[in-house]
Every structure is written in structure tokens, then in C-alpha cells.
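Structural description and commentary
Take a look at the letters that make up each chain.
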Amino acid sequence: MTEPYSLTEEATELLTEEPTADTANEVIGSIQESVEQTSGLLSDAMGYARKALPLVVIALFILVVGILISKLIAKIVGKAVSKSNVNGAAKSFLVSLIKIILYIAVIIMALSVLKVPMSSIITILGAAGLAVSLALQSCLSNLSGGFIILFTKPFTAGDIIELDESVGTVRDIGIFYTKLVTFDNKTVFIPNGKVTEAKIVNYTETPTRRIDLSFDISYSADFDKARETVLGIIAEEKLILKTPEPIVRMSSHNNSSVSIDVLVWVNNGDYLTERYNMTEAVKAAFDENGIEIPFPQLDIHVKDKV
């Protein structure tokens, strides 16, 4: 193919010859031929651009409108989920997942308008997915863990749980991480894959909870008096539930003391408050009634040298 705006070899040779009328006509013809070829190439390029431009505009339109519609759908789904029984933590997980799926669908639609072969797209996505899955195995584990948490519901947002040696309130269940806020206001992000494999203790799934306390008295102290003292405190504590019935019993004989187990039931929200109340009240009542609480003592015997 002749380069645009370049003279043919024949025209070049004619220009080197002595100018004649025939030679001039031949040169002009060669130049016209070159211009026509170049014009043809430009016309083809412009024609292709005119044909492709509407497709590009349509693809961009689909991309922009599709993203806006995807956000709207995600917002509608979020509101619908809020009105259902799905907890707030699972809501964020679902909305994020739906957004990702819709964005992928919009991108595929835009590429199809540009007449990109779908088989090529699927092949590229498959290869990319395989590479990503091999490189990001832990992320995929966390993603599948998020699905397991969503459907099995071992805990919900607002529950107090013990997980991975951390105790706190569940704030959010994301796609990859579960956010836990401890009682000293530290935020702990635990991978969902680890959550599904760990032992989970949920302290707030049931409405009530039992407080287990143990108090030691000396062998010389009156056990019955100590027991009645503890029962009197329980009767005065308004946060302690009457059912199930509180238990105050001797539990063990130690080296220098007798242990008394105190088991009482309270509502979940009153657990820490009542635990502190009972501990403080029993100590004050034992002191008031002369009930000895033993503590380690060491007797030293000094022998005089003979």
C-alpha cells in the first residue's frame, strides 16, 4: 500500500527528467492517484469512527445509568432487609454483595454493546478468577465464612460474644471481617473464615443469665449463719430473679476454709451490675456479723541457739 502523500517511483523518475508536457501530465496523474488513495484511507477511518462512536456513547450511557440503577436497587434492598428479620450486620453484607453482582452485570452489558465477544470475556473472567482464587485463598475463605455467618446466625449485631480470645459487642458483619467492640472500647476485626472455625460463646442469645459466685469462710465460722446472711442479701436485691430459685450451698472443704457457692439468675443486661452488688454486699454483711473470711497466714517459730 502506498504511503499517504508520497510520490510513486515513476513520478519521482519523471521529476528528474527534463520537463515536457507529457511528463508534467504523468506527474500530476501520479500525485492525484496518491491523494485519492490517502483520501480513501481517511474516509474509511472516518466511516469506522462514525459507526463506532454511537456504540461507545451507548456503552458509556449503559455504564453510567447501570451504576446509578445498581445503587438504587441496593438502597431498596437495604430498606427491605431493614424491615425484615435480618439483623443489621447481615444487612451490610447483603447490600455489598448485591452491589458487586450488579456492577459486574453492568460492565458485561457495556462490553457486549461494543461487540466484544462474550466467549472472550468469559474466558478472561475464568482465567482471572482462577488466578485470583489461587492468590487470595484467605479472602475467599473469609467471603464464604460471611455467607455461613449470615445463614447460620450464631450471633447478630448487638450480641455480646467471646470469640478468638476477645469479648465484646458485635457491631458489624462485613463481607470479609466481623467487627467486635470490646468493653474497654477497642475495635477488633476478626476474619470471617476464622469466625466459622472458632469456638463462639454468645452471652446474650438468651434473655437471662446465671451469676456464679463463691465465698470462703473459716472452719470456726457458723455456716448456717453465713448462709442465712447471704440469703437475706439475695432477698433485698431487686435485680435478682425469683425464678429460677437462688442456690446457696456449701461446695467444698479447703485447707483453711469452707467454700459457699451462690448461684442467682438475672436479666442479661443486669449481669455485671448485680455481680458487683453481691460481691460488695456479702463482704460488708460478713464483717458486720463477725463471719471470718480466711486469708493466708504464716506462723514463724524462732528457736534460741543453745
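Let us look at the structure shown here. (Residues numbered from 1 in each chain as written. Predicted model: local features only at pLDDT ≥ 70, side-chain atom pairs only at ≥ 80, totals over all residues. Heavy atoms only, no water.)

In this section: the overall build of the protein chain. Within the protein chain one finds 8 helices and 8 strands. Split into buried and exposed, the 306 residues of the protein chain put 26% on the buried side. (Helix = DSSP H or I, 4+ residues; strand = E, 2+ residues; numbered from the N terminus. Buried < 20%, exposed > 50% of the residue type's maximum accessible area, 1.4 Å probe, protein only.)

This part covers the sheet that holds strand β2 (residues 166-173). What the 5 strands build is an open sheet, ordered β4-β3-β2-β1-β5; its pairing is antiparallel. Single-partner strands in this sheet number two, and they are β4 (187-191) and β5 (201-202). (Pairing = 2+ DSSP bridges.)

The strand order across the open sheet formed by 3 strands is β6-β8-β7, and the pairing between neighbours is antiparallel. Edge positions in the sheet fall to β6 (208-217) and β7 (247-253), since each of these pairs with one other strand and no more. The average undirected angle you get between the axes of adjacent strands in this sheet is 25°. Note: β6 against strand β8 (residues 258-267), 10 bridges, orientation antiparallel. Paired with Arg 210 across the bridge in β8 is Trp 265. Of the strands in this sheet, β6, β7 and β8 are in contact with helix α7 (residues 223-236), which crosses β7 at around 145°. Its contacts with the sheet put helix α8 (residues 271-288) on β6 and β8, and the angle it makes with β6 is roughly 20°. (Axes fitted to C-alpha atoms, helices over the stretch in contact; angles between N-to-C directions. Contact = heavy atoms within 4.5 Å.)

With that settled, consider a nonpolar patch on the surface. Together, Val 56, Leu 60 and Leu 114 make up an exposed nonpolar region whose accessible area comes to about 240 Å². Assignment of secondary structure puts Leu 114 in the loop between α3 (88-113) and α4 (118-135). (Patch = residues over 30% accessible without salt bridge, like charges linked within 9 Å, V, L, I, M, F, W, Y side chains within 5 Å. Areas by Shrake-Rupley, 256 points an atom, 1.4 Å probe, with all protein chains shown as cover. Salt bridge = Lys/Arg side-chain N within 4 Å of Asp/Glu carboxyl O.)

Let us now look at the nonpolar core. Among the nonpolar cores identified, the biggest contains 22 residues, and Ile 217, Val 230, Ile 234, Val 262, Met 278 and Phe 286 are the most heavily contacted of them. Setting aside residues no more than four positions away along its own chain, Ile 217 makes contact with Phe 223, Ala 226, Ser 257, Val 258, Ile 260, Phe 286, Ile 291, Glu 292 and Pro 294. Residues Phe 155, Ile 161, Leu 163 and Ile 190 belong to the second largest nonpolar core, which totals 9 residues. (Core = buried A, V, L, I, M, F, W, Y, C linked by side-chain atoms within 4.5 Å.)

So, about the packing of aromatic side chains. For any pair of aromatic rings, geometry is given as the distance between the ring centres together with the angle between the planes. This model, assessed by the stated rule, comprises 1 aromatic pair. A cation over an aromatic ring shows up here: Arg 209 above the ring of Tyr 271, its NZ or CZ 3.7 Å from the ring centre. (Phe/Tyr/Trp six-rings, centres within 6.5 Å; stacked < 30°, edge-to-face > 60°. Lys NZ or Arg CZ within 6 Å of the ring centre and 35° of its normal.)

For the rest of this paragraph, the subject is the pairing of β4. Pairing between strand β3 (residues 177-182) and β4: 5 bridges, direction antiparallel. By the bridge assignment, Tyr 177 is partnered in β4 with Pro 191. Counted along the chain from β3 to the antiparallel partner β4, the turn is 4 residues long, and its residue Asn 185 has a positive phi close to 65°.

Pairing geometry for β2 and β3, over 5 bridges, is antiparallel. For Thr 169, the partnering residue across the bridge sits in β3 and is Val 181. As consecutive antiparallel partners, β2 and β3 are separated by 3 residues.

Compared with the 26 Å implied by 1.5 Å per residue over 18 residues, the 26 Å span of α8 between its first and last C-alpha is a close match. Listed as buried for α8 are Tyr 271, Glu 274, Met 278, Val 282, Ala 285 and Phe 286. Looking down the long axis of α8, one finds its buried residues gathered within 95° of arc, a one-sided arrangement. The outward face of α8, more than 90 degrees from its buried face, is lined by the exposed residues Tyr 276, Glu 280 and Glu 288. Along its buried surface, α8 packs onto β6, α7 and β8. One or two positions beyond α8, positive phi appears at Gly 290, with a value near 70°. (Expected span 1.5 Å × (residues − 1). Arc of directions from axis to C-beta.)

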